Amino acid sequence: MSSNTTPKSLFALPRRQALGLAGAALLPKIASAQGRQKITVWTWGGVERFKGRVEAFQRLYPAEAASVDIEIASPGKNDAEIYQAFRLALASGNQLPDLVQMNYIGLPEFAEAGALADLGALMKPFDADLVDGARKLSSYNGTTLAVPMQMKGKVWFYRCDLFEAAGIDPKAVTTFDDYMAAARRYRDKHPTSSMMNIGRTPIHWWYFMMLSHWPQTRVADRNGQFRVLSDPNFATVMDWLKTFRTSGLAFDTDDFEPAWQPAFAEGAIGGTLLSNWMTDFLPKFAPTQGGRWGLAPWPAFNRNGSEAGGSVMVIPATARNKEVAFNFASRIFLTPQGSIDEWLRTGNPTILRSARGEMLDRSAAMTRPAGITDAQWAITPVNFFGKDFLRPILESYEHFNVFPYDPTAQAELDIMRRETEAYIAGGKTREQALQAMQTSMTTRIGNPYRQ
Amino acid sequence: MSKQRRATGLGHALFAAPFLISFIGLFLGPACYALYLSFTRYRGFGVARFVGLENYSVILAYDAFWTMLGNTLFYWVAHAVPMMAIALGLAIIVQRRAVAWTQTFKTLVFLPQILASVATALLFQTFFGTHYGLLDRMLGFDTPWLTDPDLARWTVVAVLIWRSTGYWFIVFLAGLTTISPEIDEAASIDGAGAWRRLWHITLPLMRPTLVFAVVVDAIVTLRLFAEPNVLLGRAGALAPTSVAPLLNLVVEQMRAGLFGAAAATGWLLFALIAALTFILFRLMRERAA
């Protein structure tokens, strides 16, 4: 990976060192010294969340915000469309944003191409306060390239009441066989409900989520050799998914299919292996089930890892207002007051060591805020899941691991899904599907690390 | 060349210029660039590396390409035949005033056409939803309309028929008005029944409109994308391969940063559409002759 593309005028060594030494306190002075500046931020799925962040920036740091105009744009409805828009902007060189939200899975492609600014010096003052997982999210191949904003740990959501009635203790479920035995016990007790769900096309995030458990597993090495056939963990994940599907113990739908949401609401699904962001969705899916859902890290057989790593903010190497952009992102995500405010607004748990205590204290002491309706309070996570709901999420962060994604991770995922679906449907044997994966990756992608 | 002829030529050129400029700038230029890219490995930015015909050979050897091509052809054939028959039948019914309230009838038939294709697909998603869909609830079944590939393909066909019938109904109605009622009357006086008049007068005279409809509908359907993906995709992912149209492969490769392969697939799709259009025109012309 090259960082030579960073323009000297903006990231010249003396300034970088100065910034590194002075830390965030110096940043507002830079912005104001340069007069009023404008930055553009790209996010996906609408601009509302980032508008809230801009308002928080203006509220918490009025002096700094006074000299910055922040424009939020949403050039895609999901992260894949952001990468697409970013590629086009890089190709044309026009209308490059100053900050881009990505999932970590998308970062290596742009990092390998030298399209991202090296944030090492700017991030230095904040490094010590980041939890380990967040630090992993901020770097790629030894270089700091991102401001971490959200860790996506592996969290198991389960119906406490139904699990208890079936005599299942999530903590006692450690192996894959334990998990399937628990699913059987659950079904025996609750014939119209399932402990999990899976359809014909398992949701795309499960693949890297499961593979990220093993630190040595990667799709291709840096020489461009694909390891799908030689690494047994790929076969293991395929077998797990097939067992989920063919066991008859899972509700027949994939995540975010039309039946998924009502199945939660009607109690047909009583558990799901997912990520901490589900705390945002589940209360809305099943608003009448407040107090009946519990959280735990995934069972030990696949506890480590993360979902797509997590969300990060990157700054293009050729962005015009790098320092101002970094200042905005760091104020919101890397300062204790910004991070707590972010958690209160969005539910994203803090990624800072120094803010954890305050977050847990405030969560434990939280009462119904004035002015919100019964319906709003019913789906507030702290009320819906209980005051201790953050602890299992923080516990999942202890097992947080970022998969070593290749620059062509999206293409690899498409191929993995296609062949695994054929295996699950019985169209191919496991060996045929793995061989087809290896062949497709080799012929269609070639060397992921070769430009 | 006289001054007047030069001025006339300049006038022609000026009149043609807006089209020519937009055609070259917005279609021909990008198409040629895409053709060049199809011989390269290109991530959408940075360097495009020339790889010759590799993208084409890899795609043609890729089983998903053939699955998606099969799906696309299925969607075209399975919806075109009933849809054309329904649209023509409705047009004839209205033309012969076999229904009252013809203006209301026309509006109702055309209504699905003005709905956005995404909205239509979402509507059908609610209708066909497995376990909790309207249809399953009404019938008391638990049919995986949207998840079993064999059934899911037919739900896409249902959407296509529902959506496109209104458009071709209006086109056919316009075509029917070009047929002189005197011919029909003469045949009727000669003792021809309704079916014989339809078969021997209406349909032969409607042939140019039918050829146009079949060809244009084929072109539109071979580039199908929104309906199957909104109906059968979820959580930002495209529809699964077993039910995906060919354009999915183009989009999937672009999303994955495989721009050279995406361009090659696009050109293969173009070749397919061109070949099919040529064959359809030839077939229709031969039958007409």
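Residues numbered from 1 in each chain as written. Chains lettered and ligands numbered in written order. Predicted model: local features only at pLDDT ≥ 70, side-chain atom pairs only at ≥ 80, totals over all residues. Heavy atoms only, no water.

J.: Talk me through the overall build of chain B; I want residue IDs and the actual numbers.
T.: Helices and strands together make up the secondary structure of chain B, namely 13 helices and two strands. In terms of its C-alpha atoms, chain B occupies a principal-axis envelope of roughly 80 × 75 × 35 Å. Relative to its full complement of 289 residues, chain B shows a buried share of 46%. The contacts in chain B between residues at least 6 apart in sequence include a share of 66% that link residues at least 24 apart. (Helix = DSSP H or I, 4+ residues; strand = E, 2+ residues; numbered from the N terminus. Buried < 20%, exposed > 50% of the residue type's maximum accessible area, 1.4 Å probe, protein only. Contact = heavy atoms within 4.5 Å.)

J.: I'd like to hear about the domain arrangement of chain A, residue by residue, with values.
T.: Residue and element names in this part refer to chain A. The assigned domain composition of chain A is domain 1 (8-151 + 309-346) and domain 2 (154-304 + 404-445). A separation of 32 Å is found between the C-alpha centroids of domain 1 and domain 2. Overall, the association of domain 1 and domain 2 removes approximately 870 Å² of surface from exposure, summing both partners, and the carbon and sulfur fraction of that is 50%. The salt bridge involving R222 is made with E112; its shortest N-O contact spans 2.9 Å. Linking domain 1 to domain 2 there are three residue pairs in polar contact (both at pLDDT 80 or more). Of all the secondary-structure elements, those providing two or more residues to the side of domain 1 that touches domain 2 are α7 (107-112) and β6 (146-151). Counting residues per element, the side of domain 1 that touches domain 2 draws most heavily on α7, which supplies three residues. (Domains from an automatic or database assignment. Buried area = accessible area lost by both parts, 1.4 Å probe. Salt bridge = Lys/Arg side-chain N within 4 Å of Asp/Glu carboxyl O. Polar contact = N/O pair within 3.5 Å; in protein donor to acceptor, adjacent residues only side chain to side chain.)

J.: I'd love a proper account of the nonpolar core, names of residues and values included.
T.: Within the largest apolar cluster, 182 residues are counted, with the highest numbers of intra-cluster contacts made by L107, Y179, W206, F208, F244 and F328 of chain A. The greatest single-element share of this core, amounting to eight residues, is contributed by helix α13 (residues 259-288) of chain B. When residues are assigned to domains, this core turns out to be shared by domain 1 (8-151 + 309-346) and domain 2 (154-304 + 404-445) of chain A, each giving three or more. Aside from chain neighbours lying at most four places away, what touches F328 of chain A is I39, V41, F50, R53, V54, F57, I70 and L99 of chain A. In terms of nonpolar packing, the next biggest core, distinct from the first, is built from 39 residues, M84, L90, F128 and V156 of chain B among them. (Core = buried A, V, L, I, M, F, W, Y, C linked by side-chain atoms within 4.5 Å.)

J.: Could you give me a rundown of the pattern of salt bridges, with the residues and numbers involved?
T.: Applying the stated criterion to the full structure yields 33 salt bridges over all chains. The shortest N-O distance in the salt bridge between E252 of chain B and R418 of chain A comes to 2.6 Å. Separated into two different chains, E252 of chain B in helix α12 (residues 247-255) and R418 of chain A in helix α22 (residues 409-425) make up a pair that spans both. One salt bridge in this structure joins R153 of chain B and D150 of chain B, with 3.4 Å as the shortest N-O distance. Within this pair, R153 of chain B and its partner D150 of chain B are both found in helix α7 (residues 149-177), separated by three residues, close to a single helical turn.

J.: Give me the lowdown on the sheet that holds strand β7 (residues 154-159) of chain A, citing residues and values where you can.
T.: Residue and element names in this part refer to chain A. Strand order in the open sheet made by the three strands is β10-β7-β11, with antiparallel pairing throughout. Unpaired on one side and paired on the other, β10 (271-275) and β11 (293-297) mark the two borders of the sheet. With direction set aside, neighbouring strand axes in the sheet form an average angle of 25°. Here five bridges tie β7 to β10, and the two strands are oriented antiparallel to one another. Note on β10: the bridge partner recorded for K154 is S275. Contacts from helix α15 (residues 278-285) reach β7, β10 and β11, with the element oriented near 20° to β7. (Pairing = 2+ DSSP bridges. Axes fitted to C-alpha atoms, helices over the stretch in contact; angles between N-to-C directions.)

J.: For the interface of chain A and chain B, give the residues involved together with the corresponding values.
T.: Contact residues are listed per partner, giving 48 residues for chain A and 37 residues for chain B. At the boundary of chain A with chain B, the tally comes to four salt bridges. We note a salt bridge from R255 of chain B to E81 of chain A, for which the minimum N-O separation is 3.5 Å. Counting across the chain A and chain B interface gives 15 residue pairs in polar contact (both at pLDDT 80 or more). Considering each element in turn, the side of chain A that touches chain B owes the most residues, eight residues, to α22 of chain A. Taken together, the residues of the side of chain A that touches chain B break down into 21 nonpolar, 10 polar and 17 charged. (Nonpolar A, V, L, I, M, F, W, Y, C, P; charged D, E, K, R; others polar.)

J.: I'd love a proper account of helix α16 (residues 322-333) of chain A, names of residues and values included.
T.: Residue and element names in this part refer to chain A. If you check α16, its first and last C-alpha atoms are 16 Å apart, about what 12 residues at 1.5 Å a residue would give, namely 16 Å. Within α16, 12 of the 12 residues are buried, which leaves it mostly tucked inside the rest of the structure. Burial in α16 covers these residues: K322, E323, V324, A325, F326, N327, F328, A329, S330, R331, I332 and F333. (Expected span 1.5 Å × (residues − 1).)

J.: Lay out the confidence of the model for chain B in plain terms, naming residues and giving numbers.
T.: For chain B, the average pLDDT comes to 90, and 98% of its residues sit at 70 or higher. For chain B, per-element mean pLDDT is lowest for helix α8 (residues 181-189) of chain B, which scores 86, and highest for helix α2 (residues 54-60) of chain B, which scores 95. (pLDDT = per-residue confidence, 0-100.)

J.: Please set out the sheet that holds strand β12 (residues 310-314) of chain A residue by residue, giving values where relevant.
T.: All names here are of chain A. Strand order in the open sheet formed by five strands is β2-β1-β3-β12-β6, and the pairing between neighbours is mixed. Strands at the two margins of the open sheet, each flanked by one partner only, are β2 (68-76) and β6. Each strand axis lies, on average, 25° off the axis of its neighbour in the sheet, ignoring direction. With seven bridges joining them, strand β1 (residues 37-44) and β2 adopt parallel strand pairing. Directly across from W44, in β2, lies its bridge partner G76.

J.: Give me the lowdown on the environment of P202 of chain A, citing residues and values where you can.
T.: Summarising the element assignment, P202 of chain A is placed in the loop between β8 (196-197) and α12 (205-211). With 116 residues separating them in the primary sequence, P202 of chain A and F86 of chain A have C-alpha atoms 28 Å apart. Apart from the residues lying within four places of it in its own chain, the contact partners of P202 of chain A are Y207, L241, D254, R417, E421 and I424 of chain A together with R234 of chain B.

J.: Can you explain helix α6 (residues 79-92) of chain A? Please cite residues and give values.
T.: All names here are of chain A. Between the first and last C-alpha of α6 there are 20 Å, a value that for 14 residues agrees with the 20 Å anticipated at 1.5 Å per step. Of all the 14 residues making up α6, 11 are buried; the element is thus mostly covered by neighbouring parts of the structure. Residues of α6 that are buried include every one of D79, A80, E81, I82, Y83, Q84, A85, F86, R87, A89 and L90, and no others. For α6, the N-terminal cap is N78; the gap from its side-chain oxygen to the backbone nitrogen of A80 is 3.2 Å. Phi turns positive one or two residues past the end of α6, at G93, with a value near 75°.

J.: Describe the pairing of strand β3 (residues 99-103) of chain A, naming the residues involved and giving the relevant values.
T.: Residues and elements named next belong to chain A. For β3, a buried count of five out of five residues is recorded, marking the element as mostly surrounded by other parts of the structure. Relative to β3, β1 is paired through two bridges, and the arrangement is parallel. Bridge pairing in β3 places V41 opposite L99.

J.: Explain the confidence of the model for chain A to me, and be specific about the residues and the numbers.
T.: Across chain A, the average pLDDT comes to 90, with 92% of residues at 70 or higher. Low pLDDT (under 50) marks residues 1-33 of chain A, which in the prediction has 55 contacts with non-local residues, meaning those over four places away or in another chain.

J.: Report on the environment of G386 of chain A, specifying residues and quantitative values.
T.: Residues and elements named next belong to chain A. Tracing the chain through its elements places G386 in the loop between α20 (381-384) and α21 (390-398). Given the relative accessible area of 21%, G386 is considered partly exposed. Residues G386 and G290, spaced 96 residues apart in sequence, show a C-alpha to C-alpha distance of 8.4 Å.

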